[in-house]
Amino acid sequence: MQIYYEKDVDIDVLKDKTVAVIGYGSQGMAQARNMAESGLNVIVGLRKGGNSWQTAIDHGMTVMTVEEASKEADVIHILIPDEIQAQVYEESIKDGLKEGDTLSFSHGYNIHFQYIKPPKNVNVTMIAPKGPGSTVRQQYVDGFGVPGLVAVEQDYTGNALQIALAMGQGSGLTRAGVLETTFKEETETDLFGEQAVLCGGATELIKAGFQTLVEAGYQPEVAYFETCHELKLIVDLIYKKGFAGMWHDVSNTAEFGGLSRRDRIITDESRQEMKEILKEIQTGKFTKEWALENQSGRPQLNRMRVIESELEIEKKGKELRKLCGLEK
């Protein structure tokens, strides 16, 4: 395992280069501002007149169209949503690439699954913060940074890794440490984590626990606190202290009950389904499904969003979050 820190970075590798951040959402805003404040020459490429155009200007950024920024820059860092990257690349970025440029990403999706096929005479790199944009920005402002991942898919100039690491230093990532990986590993593990654990698995577990208590006659407010609200407290303990630290900090009753019954929730069948989900990611089945979903106007996603918004736990949670001062 190779981890890079501040001492491992040649920041001068970007001294005379221009970095174009394409997109100014959560990650784009954070990384562009951090790199600019670190002394890198940063411009932002956006759709003319888009929602983020004036915001970026208000933050003191130099703003151009995507086409203009791609032609101007030596490093093009693409931070727009996965599902539109290939189209934007073909229409607005590809023709602006020059020999020796660096095409950079914070997620390997479009390169690994070959929706974007760069020319052979450019670098293809990844520098990926392991945290949401708001955290990337706040940690930098506070004098620290979130950890990150770095990968090189194509090293045309011979110093692609140092270019990516210099961008990571500009965003504050090397203050915490940057782990070397590959586009394949980052993409497949990221998708799996989202689907099976962090987003899909966690929400389904919370929902099932809430429904079990409510159907048994318990108050939905109490059920929400016990299955959703307190989850953050447990996750925070695991984040800071690991499993052992969490078990140490909860009651003996909670520890015995959790350890003795958890494998009745995550069963062999559940683990087999996790393997199936991973296989669908590895073979490209999921990416094809997502591409078709976007091509048809996202009917399934839109339907699932409506169903999710109408869940009792969502309605009750909104009331209780207001009560706790967590939501207006």
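Refer to the preceding data block for the structure.
Residues numbered from 1 in each chain as written. Predicted model: local features only at pLDDT ≥ 70, side-chain atom pairs only at ≥ 80, totals over all residues. Heavy atoms only, no water.

K.L.:
Can you help me understand the overall build of the protein in this one?
P.N.:
Each helix and strand in the protein was counted, giving 17 helices and nine strands. A compact globule built from 328 residues would reach a C-alpha radius of gyration of about 20 Å, and the protein, at 22 Å, matches this within 12%. Taking the principal axes of the C-alpha coordinates as reference, the protein spans close to 65 × 45 × 40 Å. Put simply, the protein has 328 residues, and 38% of those count as buried. Here the analysis covers contacts within the protein between residues at least 6 apart in sequence; of these, 65% occur between residues at least 24 apart. Of the side-chain charges in the protein, 36 are positive and 49 negative, and the distance between the mean point of each set is 2 Å. (Helix = DSSP H or I, 4+ residues; strand = E, 2+ residues; numbered from the N terminus. Rg over C-alpha atoms; globule rule 2.2 N^0.38 Å. Buried < 20%, exposed > 50% of the residue type's maximum accessible area, 1.4 Å probe, protein only. Contact = heavy atoms within 4.5 Å. Lys, Arg positive; Asp, Glu negative; His and termini not counted. Charge placed at Lys NZ, Arg CZ, Asp CG, Glu CD.)

K.L.:
Help me understand the pattern of salt bridges in this model?
P.N.:
Where side chains of opposite charge bring their charged atoms close, a pairing between them can arise. Using the criterion set out here, one finds 13 salt bridges in the structure. We note a salt bridge from E83 to R298, for which the minimum N-O separation is 3.1 Å. Placement of E83 in helix α4 (residues 82-93) and of R298 in the loop between α15 (285-295) and α16 (299-309) is noted, with a sequence separation of 215 residues between them. In this structure E83 comes out as partly exposed when scored by relative accessible area, which is 32%. The partner of E221 in a salt bridge is K316, with the nearest N and O atoms 3.1 Å apart. Of this pair, E221 sits in helix α11 (residues 220-229) while K316 sits in helix α17 (residues 312-323), and the two are 95 residues apart along the sequence. (Salt bridge = Lys/Arg side-chain N within 4 Å of Asp/Glu carboxyl O.)

K.L.:
I'm lost on the environment of E83 in this one. Help?
P.N.:
Along the backbone, E83 and Y115 are 32 residues apart, and their C-alpha atoms lie at a distance of 9.6 Å. In contact with E83, not counting residues within four places along its chain, are W290, N294 and R298. Among the polar contacts listed, one links the side chain of E83 to the side chain of R298, at a separation of 3.1 Å. (Polar contact = N/O pair within 3.5 Å; in protein donor to acceptor, adjacent residues only side chain to side chain.)

K.L.:
Please clarify how the side chain of E186 should be interpreted in this entry.
P.N.:
Here E186 is to be found in helix α9 (residues 183-198). Despite being buried, E186 has no salt bridge partner; K130 is the closest side chain of opposite charge, sitting 4.9 Å away. Among the polar contacts made by the side chain of E186, one reaches the side chain of T187 at a distance of 3.5 Å. Apart from residues no more than four positions distant in its own chain, E186 is found in contact with S106, H107, G108, M126, L149 and T181.

K.L.:
Just checking my understanding: could you explain the packing of α11 against α17 for this structure?
P.N.:
Geometrically, a packed helix pair is captured by the angle between its two axes and the distance between the axes. Two numbers describe how α11 lies on α17: the axes approach to 10 Å, and their chain directions differ by 90°. Judged by the angle between their axes, α11 and α17 are roughly perpendicular. Contact residues: P220, E221, Y224, F225 and C228 in α11; E312, I313, K316, G317, L320 and R321 in α17. Of the residues belonging to the contact of α11 with α17, the class tally is six nonpolar, one polar and four charged. (Axes fitted to C-alpha atoms, helices over the stretch in contact; angles between N-to-C directions. Parallel < 35°, antiparallel > 145°, perpendicular 65-115°, else oblique. Nonpolar A, V, L, I, M, F, W, Y, C, P; charged D, E, K, R; others polar.)

K.L.:
In this structure, what is going on with the packing of aromatic side chains? I would like to understand it.
P.N.:
For any pair of aromatic rings, geometry is given as the distance between the ring centres together with the angle between the planes. Within the structure shown, the criterion is met by three aromatic pairs. Where Y109 meets F113, the ring centres are 5.5 Å apart and the plane angle is 65°; that geometry is what we call edge-to-face. For Y109, a relative accessible area of 4% gives the class buried. Between Y109 and Y115 the ring centres are 6.2 Å apart and the planes differ by 10°, which places this aromatic pair in the stacked class. (Phe/Tyr/Trp six-rings, centres within 6.5 Å; stacked < 30°, edge-to-face > 60°.)

K.L.:
Could you clarify how one ought to interpret α4 in this entry?
P.N.:
Given 3.6 residues per helical turn, the α-helix brings residues three or four places apart onto the same face. Within the span of α4, buried status applies to Q85, A86, V88, Y89, S92 and I93. Of the surrounding secondary structure, the elements contacted by the buried residues of α4 are β2 (18-22), α3 (66-72), β5 (75-78), β6 (102-105) and α5 (109-112).

K.L.:
What should I look at first to understand the sheet that holds strand β9 (residues 178-180) in this one?
P.N.:
Two pairing modes exist for strands in a sheet, parallel and antiparallel, and in both the strands are linked by backbone hydrogen bonds. Taken together, the nine strands give an open sheet; going across it, the order is β1-β9-β8-β7-β6-β5-β2-β3-β4, and neighbouring strands pair in mixed fashion. Of all strands in the sheet, those with a lone pairing partner are β1 (3-4) and β4 (62-65), marking the two edges. Bridging between β1 and β9 involves two bridges; their strand directions are antiparallel. Of the residues in β9, the one forming a bridge with I3 is L179. Along the sheet, helix α7 (residues 160-171) makes contact with β1, β2, β5, β6, β7 (123-129), β8 (148-154) and β9, crossing β7 at roughly 30°. (Pairing = 2+ DSSP bridges.)

K.L.:
Teacher, can you tell me more about the packing of α15 against α16 here?
P.N.:
As a packed pair, α15 and α16 sit with axes 7 Å apart at the nearest point and diverge in direction by 85°. By the angle class used here, α15 and α16 are roughly perpendicular. Across the interface between the two elements, E289, W290 and E293 of α15 pack against P299, Q300 and L301 of α16. Classifying every residue of the contact of α15 with α16 by side-chain character gives three nonpolar, one polar and two charged.

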